[in-house]
Amino acid sequence: MISRASESECFVYVTLPEEVSAVTAGKFVLAKNARGDTLGRFVYGRSYLENPKAVEIDPVELKLSTRTYETTRLNGVFGALRDAGPDYWGRLVIEKHAGKAQLGELDYLLESPDDRAGALGFGLNNTPPAPRRKFNKTIDLAKLQALADALVKDEIPDDPEAQRVQDLMLLGTSMGGARPKAVVQDDDGLWVAKFNRPDDRWNNPRVEHAMLRLARECGIATAESRIETVGDRDVLLIKRFDREKREKGYTRARMVSALTVLRTDDAPEMRQSWSYVILVEELRRIVEDARRDAHELFRRVCFNALISNLDDHPRNHAVIAKEKGWKLSPAYDLTPSVPISLERRDLAMECGDMGRYANAKNILSQHARFLLDRGEAEKIVNHMKEQVGATWYETVRASGVSEKDADTIRGAYIYPGVLPIVFSIDRRVARVHRGEPGTHVLLRSLTPFDSCSHSRRVVGHPVSLPGNEHRPMARRSRFDGHGPIAGLRDLLVARETSDGHETL
Ligand SMILES: Nc1ncnc2c1ncn2[C@@H]1O[C@H](COP(=O)(O)OP(=O)(O)OP(=O)(O)O)[C@@H](O)[C@H]1O
Ligand SMILES: [Mg+2]
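Reference entry: report on the structure contained in this document.

Reading the values: rules and limits
Residues numbered from 1 in each chain as written. Chains lettered and ligands numbered in written order. Predicted model: local features only at pLDDT ≥ 70, side-chain atom pairs only at ≥ 80, totals over all residues. Helix = DSSP H or I, 4+ residues; strand = E, 2+ residues; numbered from the N terminus. Buried ≥ 20, exposed ≤ 12 C-beta atoms within 10 Å, placed from the backbone. Contact = placed C-beta atoms within 7 Å. Near = placed C-beta within 6 Å. Nonpolar A, V, L, I, M, F, W, Y, C, P; charged D, E, K, R; others polar. Pairing = 2+ DSSP bridges. Axes fitted to C-alpha atoms, helices over the stretch in contact; angles between N-to-C directions. Core = buried A, V, L, I, M, F, W, Y, C linked by C-beta atoms within 7 Å. Parallel < 35°, antiparallel > 145°, perpendicular 65-115°, else oblique. Left-handed = near helix turned anticlockwise from the far one by under 90°.

With respect to the overall build of the chain
Here is step 1: Secondary structure assignment for the chain yields 13 helices and 21 strands.
Here is step 2: Every one of the 504 residues in the chain was classed for burial, and the buried ones make up 45%.
Here is step 3: Put simply, of all contacts in the chain between residues at least 6 apart along the chain, 64% involve residues at least 24 apart.

Shown next, in the form of structure tokens:
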């Protein structure tokens, strides 16, 4: 039962590098300031600061110091603490367990089981509890999946005493994210298990597994993953990179999300601060090897654009610290999406001078911030484009994605707008100077020509060079990218933007 709605403070525990049990790092207090805003305070304990092995729990906001840190952002919950708490999925489970819908921020931290991402723990005693040793096993996956399904379908009673509700708490509710998941253990260690949802458009576990493989083929460091089949359903198991199995228990790496590194939040009004360009600047200040991680982040931005992973929000990036120093975590949660637009897709985070536009020219525009010269950055883009173009299909099929699902997600890969377009044009001839196979150009005729629709004055007419597998539906025969365009008058070449179109 949760009866601590009025509780306004807790202790923050941390598992130090190479240790398997926690020590008390400090105290967190939630109070109201004179204006009535919720104010969070965090202070490191004196004995913790005296411990020569003490480490900071957040490299941005909560560096080791005797000062009392204060924040009114995020309802007073410091980013590093918010990252250690449950997200949409975990909150749903905890609310069932508590038997009520609205809980205080501290309740979520205190009531979530100790399998959370990172090295932090929370409690009301000034000494931490013994570490949790019992986890669900991979052989329990069928039961866990059934529980997750029941929760998605809202078939679980709001009765905190019910056995199914008690069982839910073993699911691994502290992990963030919105998709149904659990934490399971096998002889190798701990894994995040991600389940299919009945309303998924394709077999998510297999597709995500394939994307992790494809990313590795592109030179990106990723979490290790495998598929387990339970009945007729697939479950994705992702090895936890923040836990390492030792004889005496699990060591834990500290972990903070890019939301925290950017000092931002999920709220819509905060989205303008979601930016890879700012993130890389912050990373360079925090991590041990700025060059390595800046290049790695650049590869991830390119990869996300090339597979239309448009859900690349800042919770889907993190920095971790196994020892004292921080580094970019392995990549995780890589999922393609297939919006209709072939011309413009936006990443969740700003990636260049043209904002969030998932386009090579845009991504290349800020190469220097990623500590790359123009040539190096172009080489990465070109290499990845070739790799993704040549192997995505093979990789998804080899990961057990069905032909039907592969066709459904086909439009995610190297979407036309991702590639730079360079060409010249006069009234009768359009010539692509540096169009590569796969390049799409949008030609808009100001006066309708031939069989184009006469009902609209401006007619969108995508064309492509040979060799492209996403051949557009209309009128390829008219233009192969090199020759004159028959019957064409008054041509405007443009790309659609959010506020009209941009002439090229
Ligand atoms: N291999 C891993 N090791 C440690 N922590 C992980 C790992 N994979 C994911 N996490 C943590 O768990 C959280 C949820 O995982 P993930 O992003 O894959 O779930 P999701 O439900 O698909 O998320 P979203 O809401 O973005 O769709 C991540 O934000 C990250 O903090
Ligand atoms: Mg996620």
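Back to the write-up after that little detour.
Considerations on the site of ligand 1
Here is step 1: Taken together, 20 residues lie around ligand 1, and Gly176, Gly177, Ala178, Arg179 and Asp333 are the ones closest in.
Here is step 2: Considered class by class, the residues forming the shell around ligand 1 number 10 nonpolar, 3 polar and 7 charged.

Points about the pairing of strand 14 (residues 318-321)
The side chains of a regular strand alternate between the sheet's two faces.
Here is step 1: Note: strand 13 (residues 254-257) against strand 14, 4 bridges, orientation antiparallel. Bridge pairing in strand 14 places Met255 opposite Ile320.
Here is step 2: Sheet topology places strand 14 next to strand 15 (residues 327-328); 2 bridges connect them, and they run antiparallel. Within strand 15, the residue paired with Val319 across the bridge is Leu328.
Here is step 3: The turn joining strand 14 and strand 15, which pair antiparallel and follow one another in sequence, is formed by 5 residues.

Topic: the environment of Leu49
Here is step 1: For Leu49, the position within the fold is in helix 1 (residues 46-50).
Here is step 2: Taking the number of C-beta atoms within 10 Å as the measure of exposure, Leu49 has 14 and is therefore partly exposed.
Here is step 3: Residues Leu49 and Ala25, spaced 24 residues apart in sequence, show a C-alpha to C-alpha distance of 8.1 Å.
Here is step 4: Setting aside residues no more than four positions away along its own chain, Leu49 makes contact with Tyr44, Ala54, Leu64 and Thr66.

Topic: the sheet that holds strand 4 (residues 69-71)
Here is step 1: Taken together, the 5 strands give an open sheet; going across it, the order is 4-3-2-1-5, and neighbouring strands pair in antiparallel fashion. Lying at the two open borders of the sheet, with one neighbouring strand each, are strand 4 and strand 5 (120-123). Averaged over all neighbouring strand pairs, the angle between strand axes comes to 25°, with direction disregarded.
Here is step 2: As judged from the 3 bridges shared by strand 3 (residues 38-44) and strand 4, these two strands associate in the antiparallel manner. Looking across to strand 4, one finds that Arg41 is bridged to Glu70.

Let's talk about the pairing of strand 12 (residues 249-252)
Here is step 1: Two strands pair when backbone bridges link them, and strand 11 (residues 243-246) and strand 12 are joined in this way by 4 bridges, in the antiparallel orientation. Each bridged residue has a counterpart across the sheet, and for Arg243 the counterpart in strand 12 is Arg252.
Here is step 2: With antiparallel pairing between neighbouring strands as the criterion, strand 11 and strand 12 make up a hairpin whose turn holds 2 residues.

Here we look at the nonpolar core
Here is step 1: By size, the foremost hydrophobic cluster in this structure holds 116 residues, and its most contacted members are Ala193, Leu297, Cys302, Leu306 and Val388.
Here is step 2: Among the elements that make up this core, the one with the highest residue count is helix 10 (residues 290-306) (8 residues).
Here is step 3: The contact partners of Leu306, leaving out residues within four places of it in the chain, are Met384, Lys385, Val388, Tyr413, Ile414 and Val418.

Some remarks on the packing of helix 10 against helix 12 (residues 374-398)
Here is step 1: It is the contact of helix 10 with helix 12, at a shortest axis distance of 10 Å, that shows an interaxial angle of 40°. Overall, the two elements helix 10 and helix 12 adopt an arrangement that is oblique. Two packed elements cross with a definite hand, and for helix 10 against helix 12 that hand is right-handed. From helix 10, Phe298, Arg299, Cys302, Phe303 and Leu306 reach across to helix 12, where they touch Ala377, Ile380, Val381, Met384, Lys385 and Val388.
Here is step 2: A per-class count over the contact of helix 10 with helix 12 returns 9 nonpolar, no polar and 2 charged.

By themselves, these are just geometric observations and shouldn't be taken as functional.
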